[in-house]
Amino acid sequence: MSRGEHHRIHAHDRLQRNRVRIAQEAARLMSEHGIRDFHHAKLKAAERLGILETQALPRNMEIEQALREHQRLFLADSQPQLLRQRREAAVEAMRFLAAFEPRLVGAVLEGTADAHSAVCLHVFSDDPDAVALYLHDHGVPFETQNRRLRSSRDDQPEYPVLLFAADELPFDLTVLPRDALRQAPLNRTDDRPMRRATLAQVEILLGESSDEDFEQRLSAALR
């Protein structure tokens, strides 16, 4: 093996090790400090580790995998209960919001929810104010924000977001037009359509035994 070839292989191995280190540190930061944004987490992780190569930044999917592993290793006694609590709360909220055809999204659906995670729902109405009025009429205090979701690589429309708390759990409702039921926004981890679950599908997830493989249960429920 030539010296140049040996140097290339060594540099590639070092780059891969750094990708793993950054992914693991980003997962720790997300788990312990409640960082929700993958891009922010990996930049902060790289800074903390003193790794400057942009090529060493892991993909969002790698960070999500590292987060699952971190939870399995360090939070096995608490994370499953926190996840189930939020899924049960999601079921109650989805029943309450049934008129707006809610869909569960995000960490509570994907199985990575922890003590920092809100129950994130997509709700659908061609009148964005209808959901806010519904909450107001039922005595639910809320705050409003806006959020951009990617419908394609170049299109990021803005949607209203309603934030409230119930039983000490945070809820995050993104209000989309009804035609958005046909096509989910793109997922921030892999640029594929976001996985979303109906009330019936979430109830299936809750009804399954906890020792079954999560990905199999989720895939079966979302068919």
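As a starting point, this report considers the structure included with it. (Residues numbered from 1 in each chain as written. Predicted model: local features only at pLDDT ≥ 70, side-chain atom pairs only at ≥ 80, totals over all residues. Heavy atoms only, no water.)

## Points about the packing of helix H4 (residues 79–96) against helix H7 (residues 199–207)
Let me state the cut-off plainly: Axis lines are fitted through C-alpha atoms, for helices just across the contact stretch, and the angle between N-to-C directions can take any value from 0 to 180 degrees. In this text, helices come from DSSP runs of H or I with a minimum length of four residues, and strands from runs of E with a minimum of two, each type numbered from the N-terminal end. Roughly parallel covers angles under 35 degrees, roughly antiparallel covers those over 145, roughly perpendicular covers 65 to 115, and oblique covers all other angles. Each crossing gets its hand from how the near helix is turned against the far one by less than a right angle, where anticlockwise is left-handed and clockwise is right-handed. For this analysis, residues touch if any pair of their heavy atoms sits within 4.5 Å. For this classification, Asp, Glu, Lys and Arg are treated as charged, while Ala, Val, Leu, Ile, Met, Phe, Trp, Tyr, Cys and Pro are nonpolar and the rest, including Gly, are polar.
Look at H4 against H7: their axes get within 10 Å of each other, and the N-to-C directions meet at 150°. Here H4 lies roughly antiparallel to H7, going by the angle between them. The handedness of the crossing between H4 and H7 is left-handed. Facing H4, whose interface residues are Arg84, Arg87, Glu88, Val91, Met94 and Arg95, H7 presents Leu199, Val202, Glu203, Leu205 and Leu206. Of the residues assigned to the contact of H4 with H7, the class counts are six nonpolar, no polar and five charged.

## Comments concerning the sheet that holds strand S1 (residues 103–105)
Where we set the bar: A pair of strands is labelled paired if DSSP reports no fewer than 2 bridges between them.
With mixed pairing, the five strands of this open sheet are ordered in space as S1-S2-S5-S4-S3. Of all the strands in the sheet, the pair left with one neighbour each is S1 and strand S3 (143–148). Across this sheet, the average inter-strand angle for adjacent strands is 35°, counted without regard to direction. In this structure, strand S2 (residues 119–124) lies alongside strand S5 (residues 169–176), joined through six bridges in parallel fashion. Paired with His122 across the two strands is Thr174, which belongs to S5. This element, helix H6 (residues 128–137), spans S2, strand S4 (158–166) and S5 of the sheet and lies at about 10° to S4.

## Description of the pattern of salt bridges
A side chain of one charge can pair with a side chain of the opposite charge when the charged atoms of the two come close. The following threshold applies: We define a salt bridge as a contact between a side-chain nitrogen of Lys or Arg and a carboxyl oxygen of Asp or Glu at a distance within 4 Å. Categorising residues by exposure relies on relative accessible area from a 1.4 Å probe, with only protein chains included: less than 20% of the type maximum marks a residue as buried, more than 50% marks it as exposed, and the intermediate range marks it as partly exposed.
According to the stated counting rule, one finds 16 salt bridges in the structure shown. Glu25 is paired through a salt bridge with Arg28; the nearest N and O atoms lie 2.7 Å apart. Here Arg28 and Glu25 lie together in helix H1 (residues 3–33), a separation of three residues that amounts to about one turn. Accessibility assignment for this pair places Glu25 and Arg28 in one class, buried. Notably, a salt bridge pairs Glu25 with Arg48, separated by 3.0 Å at the nearest N-O pair. Here the residue Glu25 occupies a position in helix H1, and Arg48 occupies one in helix H2 (residues 38–49), the gap between them amounting to 23 residues. The exposure class assigned to Arg48 is exposed, which follows from its relative accessible area of 53%. Through salt bridges that share partners, Glu25, Arg28, Glu32 and Arg48 make up one connected network.

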